[in-house]
Amino acid sequence: MLVIGPSTTFLHYIDQVLPSLGETGVVSRTIADLIPGIKATATDTPLAAKLKGDRRMAQVVANAIALRERVPQDLPTVHVNGFAVRMLDTDVRAAIDQAKRTRQPHNKARETFVRTMLMALRDRYAEQLDYTPSDDELNEALTNLRLNDKVRVTLNLAWLPMNGTWLIDNLWSHPLRLRALAPWLDDDGIAALTRPKGAPMTQSDVPLLDEAMELLGPDPKIAAQIAAKNAKRAQEEQFAQDTLNSVGLGSGIVSSQMLVDQMNGEGGEFIAQRAAADREWTYGHVVVDEAQELTAMDWRMLIRRCPSRSFTIVGDVAQTSALGGTRRWDRTMNRLFGERRWDLNELTINYRNPQEVSDLASDFAQKAGLYISTVNAVRTIPDAVRRIIVDGESDTIATAASHVAQLAKQFVDADGTGRVAVIAPSHMLDPLRSTIFSTLPGTLGQQETDRLSEQHEWDAQISVGSTESVKGLEFDAVVVVQPGRIEQDAPSRLVAASDLYVAMTRPTQRLVIVRTGEDETALQL
């Protein structure tokens, strides 16, 4: 089973829970690290991410590959045993057509292209002879042609061997070529996507890279390594099957695959590791959380990993922050699964938030035009929502830090339970984090402050981050700083509303809103 989550922090919590439920053969990943060996750490602008997530990008990638299957402008004449052998454009076209008819990925089909070209050149050499050449002579001529530098360079120009990383990097670093490959992009779109060659891979690149890898096929060197590993596995399974047959268990409940796994000490956890290391591994079921954030290209990547289309999809369209994400489930699900082939179940009871927090968030979302299901909170906590107005932005930082210290004293314990989060505009995160941890010793003491400051991100009991970083998480108490500025920094009005709805629905006990009077005027909550 594959579990897709919004962040590594979220997945860490999932990984802790699954073993207690008896689940060990589970692969948990984000979109950014779903491809083995690829770790996308950079982020695109909202516009670039939206464009890369457009389903038309699949054709752009296909066009970029097809562009490398062509007749070169200058075709060489080479000499074999003193005979001039000319490469003709008809040879190249016929070889390209022959390779495409195999319907194999680009790099695999290239083998057919090269073989067809070499045979055509060998036959042209043989036609010039006034005798029937022996097989040894023809093989020697074929070897000479294969090793000829001019032939090798021309064949590469005609059918370039590629890997996906190079292709995607090349796509964004050549704006004129990108315009030809994607004529639907306007000038702003081209500018948003263009970047220097060798720039870091972004999360939005990953689905396009997966598309490229699917169309290109494996790198020949990697393919050889995989083939050797698979051959060894096949030998082990054959030995296991022979062993089972010899003791009369050949058709029993224990299969040769199961026996090999046991012999090698490979249980469910190891199988999950094998699955995680294999881009082409297919899963029986996929669970997706925060699914509203996925783009059309993200979904293509996931469907590829589960051909049976057995999915459990969890999300809230009121929380969509991606411009290319989902605002209506029917538009996305009908395209993926077909009408009436998927079920929608909406939660109507809110167990996380106190009634006071739930009412505030729901009223805001409805006024902003977000769709939310009818939600009834089951708990009420007096003073669950606190609003604090200060004079200037610097005062918001000091005030937020002071309240975090008091909330930590109330909710955070040394045994690792209890969590407090601060959600703020991006430009305020570093000064907030610094001020908070310099304020904590006065309330919690230096030893407890040191313990909290040394925690890993996924175990942090005091977190400072953006609305994106808290997706899917919950905290005992949340301090939202300058919500009006969070709204202003968002790429669209609906995204702004979704971001604030996410921020306000994280706490299980207390929501504190710290802002300036100017911020309050800009946004009424």
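Structural notes, computed from the coordinates. This one's a predicted model, so the numbers in the text were calculated from it and none came from an experiment.

Quick look at the overall build of the chain
Point 1. In terms of regular secondary structure, the chain is built from 23 helices and 13 strands.
Point 2. Expressed as a percentage of its 525 residues, the buried residues of the chain come to 44%.
Point 3. Summarising the internal contacts of the chain: among those between residues at least 6 apart in sequence, 77% fall at separations of at least 24.
Point 4. Surface exposure of the chain reaches about 26,700 Å², of which carbon and sulfur atoms provide 50%.

As for the environment of R352
Point 1. Within the element layout of this structure, R352 appears in the loop between β7 (349-350) and α17 (355-367).
Point 2. When its relative accessible area of 24% is taken as the criterion, R352 is described as partly exposed.
Point 3. Counting along the chain gives 157 residues from R352 to Q509, while the straight-line C-alpha distance between them is 8.5 Å.
Point 4. Setting aside chain neighbours within four positions, we find R352 in contact with R379, L473, E474, T505, R506, P507 and T508.
Point 5. For R352, the side chain forms a polar contact with the side chain of E474, separated by 3.1 Å.

Quick word on the nonpolar core
Point 1. Counting 54 residues, the largest nonpolar core has L178, V288, W299, L302 and F311 as the members making the most contacts within it.
Point 2. By residue number, the principal contributor to this core is helix α3 (residues 57-66), which donates 6 residues.
Point 3. The contacts of L178, once residues within four sequence positions are left out, are V60, L171, W172, L185, I190 and L193.
Point 4. Ranked by size, the runner-up nonpolar core spans 33 residues in total, among them A365, I381, V480 and I513.

Description of the packing of aromatic side chains
Point 1. What the rule picks out here adds up to 4 aromatic pairs.
Point 2. Measuring from centroid to centroid gives 5.8 Å for F83 and Y125, while their planes differ by 75°, and the two rings are edge-to-face. Pair noted here: F83 is in strand β4 (residues 83-86) and Y125 is in helix α5 (residues 106-127), with a separation of 42 residues, a long-range link.
Point 3. Taken together, the ring pairs connect W299, F311 and F337 into an aromatic cluster.

Points about unusual backbone geometry
Point 1. Even without being glycine, E290 reaches a positive phi, approximately 55°.
Point 2. Positive phi is not limited to glycine here, since R340 has a value of about 65°.
Point 3. With respect to the helices, strands and loops of the structure, R340 is situated in the loop between α16 (329-337) and β7.

Comments concerning the sheet that holds strand β9 (residues 385-390)
Point 1. Ordered by their spatial adjacency, 5 strands build an open sheet running β9-β13-β12-β10-β11, and the pairing between neighbours is parallel. This sheet does not close on itself; its edge strands, each paired only once, are β9 and β11 (462-465). Looking at each pair of strands side by side, their axes are set apart by 15° on average, direction ignored.
Point 2. Sheet contacts for helix α18 (residues 393-411): β9, β10 (420-423), β11, β12 (475-481) and β13 (507-516); angle to β13, the most-contacted strand, approximately 160°.
Point 3. Packed on one face of the sheet, helix α19 (residues 429-444) meets β10, β11 and β12 and runs near 160° to β11.

What about the side chain of R124?
Point 1. Within the fold, R124 resides in helix α5.
Point 2. Under the relative-accessibility criterion, R124 is labelled buried at 19%.
Point 3. Here the side chain of R124 touches R86 through a polar contact of 2.9 Å, landing on its backbone oxygen.
Point 4. Among all residues touching R124, those that are not within four sequence positions of it are V85, R86, L88 and D91.

Observations regarding a nonpolar patch on the surface
Point 1. A cluster of nonpolar side chains, namely I349, Y351 and V378, defines an oily patch on the protein surface of about 320 Å² accessible area.
Point 2. Looking at where Y351 falls in the secondary structure, it is placed in the loop between β7 and α17.

Calculation notes
- Residues numbered from 1 in each chain as written.
- Predicted model: local features only at pLDDT ≥ 70, side-chain atom pairs only at ≥ 80, totals over all residues.
- Heavy atoms only, no water.
- Helix = DSSP H or I, 4+ residues; strand = E, 2+ residues; numbered from the N terminus.
- Buried < 20%, exposed > 50% of the residue type's maximum accessible area, 1.4 Å probe, protein only.
- Contact = heavy atoms within 4.5 Å.
- Areas by Shrake-Rupley, 256 points an atom, 1.4 Å probe, with all protein chains shown as cover.
- Polar contact = N/O pair within 3.5 Å; in protein donor to acceptor, adjacent residues only side chain to side chain.
- Core = buried A, V, L, I, M, F, W, Y, C linked by side-chain atoms within 4.5 Å.
- Phe/Tyr/Trp six-rings, centres within 6.5 Å; stacked < 30°, edge-to-face > 60°.
- Pairing = 2+ DSSP bridges.
- Axes fitted to C-alpha atoms, helices over the stretch in contact; angles between N-to-C directions.
- Patch = residues over 30% accessible without salt bridge, like charges linked within 9 Å, V, L, I, M, F, W, Y side chains within 5 Å.
- Salt bridge = Lys/Arg side-chain N within 4 Å of Asp/Glu carboxyl O.

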